[in-house]
Amino acid sequence: MSNNNIKEIEDLIKIISKFPGLGPKSAKRIVLKLINNREELIKPLANTLAKIYKNVVRCKICGNLKLTESDCACSKNNYDQICVVENIADMWVIQNTGIYKGNYHILGGTLPSLESQKNDGVLISTLIDRVKKNNVKEVILATSATIEGQTTAHYIQDSLKNTQVKLSKLAQGLPVGGEIEYLDDGTLFSAFKNRGPVVSD
Ligand SMILES: [Zn+2]
């Protein structure tokens, strides 16, 4: 399996080895599993990927996934709360805890630092718009306890200081440097439940 000179197979190995947690070795094992299961794996995988590529995009306003053809839930829902997370994985873990069933805003990244506010597609201005347009009552900042996550939270806090919205953040008890995505359900649940107001400095 080491020297496969079919270009398509080599290409697939290269693509799969870019996936999180995988290297060339596991990529080769996955590819082997695929080529040994043409009908059961390759066919449905190819079909599903093609459908996702065609029909699923990220909403340019809230950053959530939506169907290409339909309006995103963020445009029609009337909501009181928005929970702000860095990425979709963070939203999934919070949804998993079952503690919050409201609206999300997925930034799609963090600001590297307050000085360099070139934010590379981080959806902050659309968040501010949503808050103002929808009369949102509470914005829950659920960015990670990393420097970038906190910098981003500060920036959002600053951008919203002229509005009436209540800002809260997850309770202390998140480990410093803790990324939301990797927190266990229990820690996240209690950090969310015990969230407190953001104090301006
Ligand atoms: Zn949306």
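Because the structure is predicted, anything quoted here is derived from the model rather than measured.

**Points about the environment of Ala27**
Relative to the assigned elements, Ala27 resides in helix H2 (residues 24-35). Take Ala27: its relative accessible area is 0%, and that puts it in the buried class. Between the alpha carbons of Ala27 and Leu12 there is a distance of 8.3 Å; along the sequence they are 15 residues apart. The residues touching Ala27, leaving out its near neighbours within four places in the chain, are Ile13, Ile16 and Ser17.

**What to know about the coordination of the zinc ion**
Looking at the zinc ion, one finds its protein donor set to be Cys59 (SG), Cys62 (SG), Cys72 (SG) and Cys74 (SG), positioned 2.2 to 2.3 Å from the metal centre. For the zinc ion, the four donor atoms in the first shell make angles of 102 to 113° at the metal, so the coordination geometry reads as tetrahedral. Along the chain, the residues donating to the zinc ion are arranged with the sequence spacing C-x2-C-x9-C-x1-C. One end of the pair, Cys59, is in the loop between strand E1 (56-58) and strand E2 (65-67); the other, Cys74, is in helix H4 (residues 73-76), with 15 residues separating them in the sequence. Take Cys59 and Cys74: they sit in the same class, and that class is buried.

**With respect to the pairing of strand E5 (residues 138-141)**
With burial as the criterion, each face of E5 is covered, one bearing Glu138 and Ile140 and the other bearing Val139 and Leu141. In this sheet, E5 lies alongside strand E3 (residues 81-85) in parallel orientation, the contact comprising four bridges. Across the sheet, Val84 pairs through a bridge with Leu141, a residue of E5. Inspection of the sheet shows E5 paired to strand E6 (residues 166-169) by four bridges, in the parallel sense. Counted as the bridge partner of Val139 is Leu167 from E6. Following the chain from E5 across helix H7 (residues 147-159) to the adjacent parallel E6, one finds a crossover that is right-handed.

**Concerning the sheet that holds E6**
Note: strands within a sheet are paired through backbone hydrogen bonds, in either parallel or antiparallel orientation. Taking strand neighbours across the sheet as the criterion, the five strands line up as E4-E3-E5-E6-E7 in an open arrangement whose pairing is mixed. Looking at the sheet topology across the chains shown, the edges are occupied by strand E4 (103-106) and strand E7 (196-197). Pairing geometry for E3 and E4, over four bridges, is parallel. Of the residues in E4, the one forming a bridge with Cys83 is Tyr104. Lying on the sheet, helix H6 (residues 125-133) is in contact with E3, E4 and E5; it crosses E4 at an angle near 155°.

Conventions adopted
- Residues numbered from 1 in each chain as written.
- Predicted model: local features only at pLDDT ≥ 70, side-chain atom pairs only at ≥ 80, totals over all residues.
- Heavy atoms only, no water.
- Helix = DSSP H or I, 4+ residues; strand = E, 2+ residues; numbered from the N terminus.
- Buried < 20%, exposed > 50% of the residue type's maximum accessible area, 1.4 Å probe, protein only.
- Contact = heavy atoms within 4.5 Å.
- Donors = N, O, S within 2.8 Å, 3.2 Å for Na, K, Ca; no water.
- Tetrahedral: all angles 85-135°; square planar, octahedral: opposite > 155°, others 65-115°.
- Pairing = 2+ DSSP bridges.
- Right-handed = clockwise from strand over helix to strand, strands pointing away.
- Axes fitted to C-alpha atoms, helices over the stretch in contact; angles between N-to-C directions.

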